[in-house]
Amino acid sequence: MSTPARPGAKTTPSVIHEGLPTQLPDIDPDETTDWLDSFDAMVSERGRARARYVMLRLLERARETNVGVPALRSTDYINTIPPEREPWFPGDEDIERRIRAFIRWNAAVMVSDANRPGLEVGGHIATYQSAASLYEVGFNHFFRGKDHPGGGDQIYIQGHGSPGIYARAFLEGRLDEQQLLRFRQEVQHGVGKGLSSYPHPRLMPEFWEFPTVSMGLTGINSIYQARFNRYLQNRGIKDTSDQQVWAFLGDGEMAEPESLGAIRVAAREELDNLTWVINCNLQQLDGPVLGNGKIIQELESNFRGAGWNVIKVIWGREWDDLLARDVDGVLVNQMNKTPDGAFQTYSTEDGAYNREHFFGADPRLRAMVEHMSDRQIEKLPRGGHDYRKVYAAFDAAAKHTGQPTVILAHTVKGWTIEALEGKNATHQMKKLKKADLMKFRDRLHLPMSDRDIDEAYDATGTAPFFHPGPNSPEIEYMMERRRQLGGSVPKRVIRAKPLVLPGAAMYDELKQGSGKNKIATTMATVRLLKDWMKDPNIGDRIVPIAPDEYRTFGMDSMFPSAKVYNPAGQLYEAVDRKLLLSYKESAQGQMLHEGISEAGAMASATAAGSTYSTHGEHMIPFYIFYSMFGFQRTGDSIWAMADQLARGFLIGATAGRTTLTGEGLQHADGHSPLLAATNPAVVHYDPAFAYEIAHIFESGLNRMYGSTEEHPHGEDVIFYLTVYNEPVSQPKEPEDVDVAGILKGLHKVSTGEGSGPRVRLLASGVGYPWIEEAATLLREEWGVAADLWSVTSWNELARNATEAEHWNLLHPGETPRTAFVADRLGESSGPVVAVSDYMRAVPLQIARWVPGDYRVLGADGFGFADTRPAARRFFHIDAQSVVVQALQALADAGEIDRSLVEKAFTQYRIDDPTAVADVKQEGGDA
């Protein structure tokens, strides 16, 4: 029954279309009633078939007359699978109900205990309570473990549901009571002795497989994981045909753009190895997801429109009889038009309230439940809590072919805990009082006395955990189910065989330099990639990934040989088929061309980079992206990649703030190295020379895919290189090259000649030619000698220095360690001037450890479109600006007269970009 409007207020009829309430007022209710009455009469006199035809003709005419009427993409608000099509349930429902009760109890007690006075570390109780049946159907009947002959499934657990997964692992004997008591206490009892808050593989590398609590990333990552499984199959790397990807998400989480952003990819590639289970408890963190609408209907429309198979599990079996009595469709109509906010209220009210407000709207509805008591009406369950309904949905999803499946399961947040059920504040409720625990125990029918709870609560502030014993029927049952399905999940194992990595000869070409030609470091990187792909041992393990920019990076030459991956092959003649470098797609293609989707590319890189653990096969992702559209746009995804312990190469091509001539502000990257520095797993390099690239990539392969005593399975790091599209002369590698310095972040390239004043010039990446030119100007025009240093990594230098200080803090009685940058620069003298194509904060990372006067130039501010010379003059990072800064440092030190600084400033006009308006540039395109 609708709520009466206040006097004078406008009213809107209860019209909900595909989950969305109408925003159109009824300006003529009498006319609306006439139309509805006419339609009712037609149905009564001419039948439903005639009514359907007339409705379709009206929709057709509406479109002809430009009246916008959306397509119908949602079905009635009832279960997709009718009772007569439900499969036989193969389990023991009584035992499984008791198992769920044990897990529910232990999960809630664990979180409540973690919030006792003096600890209060947080946690979430309500999410798992709403989803327990969804998970348990999977654990007992569907989720295949690593020992399954097919290889096991990949299961993405909803982050806030982690307590329930720990509680199940406790019953299985994988975790002990002490670990449950140390939930969210990961160091105070000893590193690794507690349990992480959410699924974090880096924190619990033998337990969790996928990090999921960064909301929205589960959806896109699971899609690209399922896609990569097919990629491995089609390329002949591994048979993944018997592996499923299951992803658990929340209905509130679906508001994140990443959640729905890639669902068309799953449908387009017919990923029937993917099932999403969306726990639709109708609540987000602070209130309803769609109070005025219907989130299940809205999601159904989204997924059906994208081409997914949709299964709705809305009502429990107790509703079947009522729906069978609904010959007039009045109950279904009431279900269709009741908004989520009302259903949330019904879940918290008693049977009398529900009888009056839900069934009382129509005499036929009221008569339908006359035989039921208020208590029976109150206990009418949502479908997501009915084991048989959920099993039917999972079974149908597992057997469906040709489409991915989404299961939309209607639940109540905090289900079975009366203090929490359906409340808006449920998400923030962390602690259960003694009375709440008593009621919870009674609801679950646990064999636990009041005295047991009293004693534990008085001693610890919470209730005791419950375990029926390893030989109890429940534990034997659940363990046998897991044995049949291939072992416990979640579980992370490493079974990948070591790769035979290329020898030193692989890198000889890059070390020879470019002779008279000029080559951009992007091109040098791509050249090495091509050589890797020809290697007999690792060639087929390379996974090139790009978001619609292969041609930008000069990689179109790989199309004819490596081909672009497409599971359908190439069903058309390419427009450039007569060209040597024509675009070619293949089901066995090696290149992942993700379209304009950096998020999708990152998801592919994560799937490929963690295959050594998910599939027991080493794959080497090589994700090359445009400027700042890696760390700037998908930093959260890169963090998730690190948390998943994935490895691989991220290549920020066309990097820097001033190299992307003409592209403008959003393409001008001045800060990605700083963003990379915040991720402990990312090893960033900004090389200037091809020979540096050779050593860095060789180091990356060895560290991530080689084996050492300290890291027998390789290091869990990600190599990130920033390379440039500006062609420069590539010198031959010196015979006495300092390889260790290159890998640690700094090596000396040349020593300045002369006996006059001296400076030391440092640069990274594309900035090295600036200090090279500056050294010439200083020597020839100002009589100053300059030592030149190539900084391959500001980040690694800073990391090394902070690690040395941290070691000293923890070892006060031992000889202090010193920073590498301090040791190397301490071997020479003179002011230090550092420059890069990034903002000053990048080189300033090492300021604390640079001996002597340290001056930094950088491209601070916003980018813009112009030539490289003009941009560098504007930011004061070109050779002439370096000269003026070096002279100023010498003047401040009293080594030269200050008038020379003024003379240089006037001569070079470093404050005037128009001074370089006639300077030509090479390779100006992006």
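For the structure itself, look to the data block above.
Below, the structure is looked at part by part. (Residues numbered from 1 in each chain as written. Predicted model: local features only at pLDDT ≥ 70, side-chain atom pairs only at ≥ 80, totals over all residues. Heavy atoms only, no water.)

### Topic: helix H2 (residues 48–64)
Stage number 1. For H2, with 17 residues, the first-to-last C-alpha span of 24 Å sits near the 24 Å given by 1.5 Å per residue.
Stage number 2. Inspection of H2 places Ala-51, Val-54 and Ala-62 among the buried residues, and these make up the whole buried set. For H2, the angular spread of the buried residues around the axis is 80°, confining them to a single face. In this structure, H2 carries Ala-49, Arg-52 and Glu-64 as exposed residues pointing more than 90 degrees from its buried face.
Stage number 3. As for H2, its buried residues are in contact with helix H1 (29–46). (Helix = DSSP H or I, 4+ residues; strand = E, 2+ residues; numbered from the N terminus. Expected span 1.5 Å × (residues − 1). Buried < 20%, exposed > 50% of the residue type's maximum accessible area, 1.4 Å probe, protein only. Arc of directions from axis to C-beta. Contact = heavy atoms within 4.5 Å.)

### Regarding the packing of helix H4 (residues 126–141) against helix H5 (residues 162–172)
Stage number 1. The N-to-C vectors of H4 and H5 enclose an angle of 45°; their axes lie 10 Å apart at closest approach. Considered as vectors, H4 and H5 are oriented oblique to each other. Note that H4 runs across H5; the crossing there is right-handed. Contact residues: Tyr-128, Tyr-135, Glu-136, Phe-139 and Asn-140 in H4; Gly-164, Ile-165 and Arg-168 in H5.
Stage number 2. For the contact of H4 with H5, the class distribution of residues is four nonpolar, two polar and two charged. (Axes fitted to C-alpha atoms, helices over the stretch in contact; angles between N-to-C directions. Parallel < 35°, antiparallel > 145°, perpendicular 65-115°, else oblique. Left-handed = near helix turned anticlockwise from the far one by under 90°. Nonpolar A, V, L, I, M, F, W, Y, C, P; charged D, E, K, R; others polar.)

### Remarks on helix H34 (residues 879–892)
Stage number 1. Taking 1.5 Å of rise per residue, 14 residues should cover 20 Å, and H34 covers 20 Å from first to last C-alpha, within 8% of that figure.
Stage number 2. For H34, the buried fraction is high: 12 of the 14 residues fall into the buried class.
Stage number 3. Within H34, burial applies to Ala-879, Gln-880, Ser-881, Val-882, Val-883, Val-884, Gln-885, Ala-886, Leu-887, Ala-889, Leu-890 and Ala-891.
Stage number 4. Buried residues along H34 sit against strand S19 (758–763), helix H30 (768–782), strand S21 (832–835), strand S22 (854–857), helix H33 (868–875) and helix H35 (898–908).
Stage number 5. Note on H34: the residue one or two positions beyond its end, Gly-894, has a positive phi of about 80°.

### Concerning the packing of aromatic side chains
Here the distance between the centres and the angle between the planes together describe a pair of aromatic rings.
Stage number 1. Counted by the stated rule, this structure contains 54 aromatic pairs.
Stage number 2. A connected cluster of aromatic rings, assembled from ring pairs, spans Phe-89, Tyr-128, Tyr-135, Phe-139, Phe-142, Phe-143, Trp-246, Phe-248, Tyr-387, Tyr-391 and Phe-394.
Stage number 3. Taking NZ or CZ as reference, Arg-100 lies 4.4 Å from the ring centre of Tyr-387, over its face.
Stage number 4. Here Arg-647 stacks its cationic end above the ring of Tyr-612, 4.0 Å away from the centre of that ring. (Phe/Tyr/Trp six-rings, centres within 6.5 Å; stacked < 30°, edge-to-face > 60°. Lys NZ or Arg CZ within 6 Å of the ring centre and 35° of its normal.)

### Concerning empty space enclosed by the protein
Stage number 1. Counted according to the given criterion, the structure contains six cavities of 30 Å³ or more.
Stage number 2. Across the lining of the largest cavity, the residue classes tally to four nonpolar, two polar and five charged. (1 Å grid on protein atoms, 1.4 Å probe; cavity = no way out; pocket = protein on both sides within 12 Å on 5 of 7 lines; lining within 4 Å. Points joined across faces, edges and corners; volume = space filled by probe spheres on them.)

### What about the sheet that holds strand S7 (residues 405–410)?
What holds strands together in a sheet is hydrogen bonding between their backbones, with the strands either parallel or antiparallel.
Stage number 1. An order of S3-S4-S5-S7-S6 is seen for the five strands of this open sheet, with the pairing classed as parallel. Every interior strand has two partners, whereas the edge strands, strand S3 (154–156) and strand S6 (309–313), have only one. The sheet shows a mean angle of 15° between the axes of neighbouring strands, direction not considered.
Stage number 2. Across the sheet, helix H7 (residues 217–234) lies against S3, strand S4 (245–250) and strand S5 (274–280), angled at about 170° from S4, the strand it touches most.
Stage number 3. Packed on one face of the sheet, helix H17 (residues 387–399) meets S4, S5, S6 and S7 and runs near 170° to S6. (Pairing = 2+ DSSP bridges.)

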